[in-house]
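# Remarks on the overall topology
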Amino acid sequence: LKTSSEEKKNDKINTKIDLQNSKVVTTCDIEDVGTKSVYCRCWKSSTFPKCDGSHNKHNEETGDNVGPLIIQKK
Ligand code: FES
């Protein structure tokens, strides 16, 4: 049987980014976006907040359908 804390832990989306903080907040300066930047929304990237493609493995393993946020200039 799982304890309630184990169940709670398994419900977490974020399993690796800044776990010591009670809330992860990321600020990106608009000047750093350039013509195109790709940001992680799956919380699996090793280059968080930038996407490193880890969402593909996550989707294959879980059947999820998450992907990055792409910000680009027209
Ligand atoms: Fe998280 Fe791409 S690695 S969205």
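Residues numbered from 1 in each chain as written. Predicted model: local features only at pLDDT ≥ 70, side-chain atom pairs only at ≥ 80, totals over all residues. Heavy atoms only, no water.

### Some words on unusual backbone geometry
In this structure, the amide linkage connecting phenylalanine 48 to the following residue, proline 49, adopts the cis form with an omega of 15 degrees. When you line up the elements, proline 49 lands in the loop between strand S1 (36–39) and helix H2 (54–62). We note that aspartate 18 has phi near 45 degrees; this positive angle belongs to a residue other than glycine. Within the fold, aspartate 18 resides in the loop between helix H1 (4–10) and S1. For tryptophan 43, which is not glycine, the phi torsion reads 70 degrees and is therefore positive. Residue position: tryptophan 43 is located in the loop between S1 and H2. (Helix = DSSP H or I, 4+ residues; strand = E, 2+ residues; numbered from the N terminus.)

### Points about the pattern of salt bridges
Inspection of every chain in the model, using the stated rule, returns one salt bridge. A salt bridge links glutamate 61 to lysine 57; its shortest N-O distance comes to 3.3 Å. Here glutamate 61 pairs with lysine 57, and both are found in helix H2, just four residues apart, close to one helical turn. For the pair shown, glutamate 61 and lysine 57 are each scored as exposed. (Salt bridge = Lys/Arg side-chain N within 4 Å of Asp/Glu carboxyl O. Buried < 20%, exposed > 50% of the residue type's maximum accessible area, 1.4 Å probe, protein only.)

### Quick look at the confidence of the model for the chain
When pLDDT is averaged along the chain, the result is 90; 86% of the residues meet or exceed 70. Looking across the chain, the model is least confident in H1, with a mean pLDDT of 62, and most confident in H2, with 97. (pLDDT = per-residue confidence, 0-100.)

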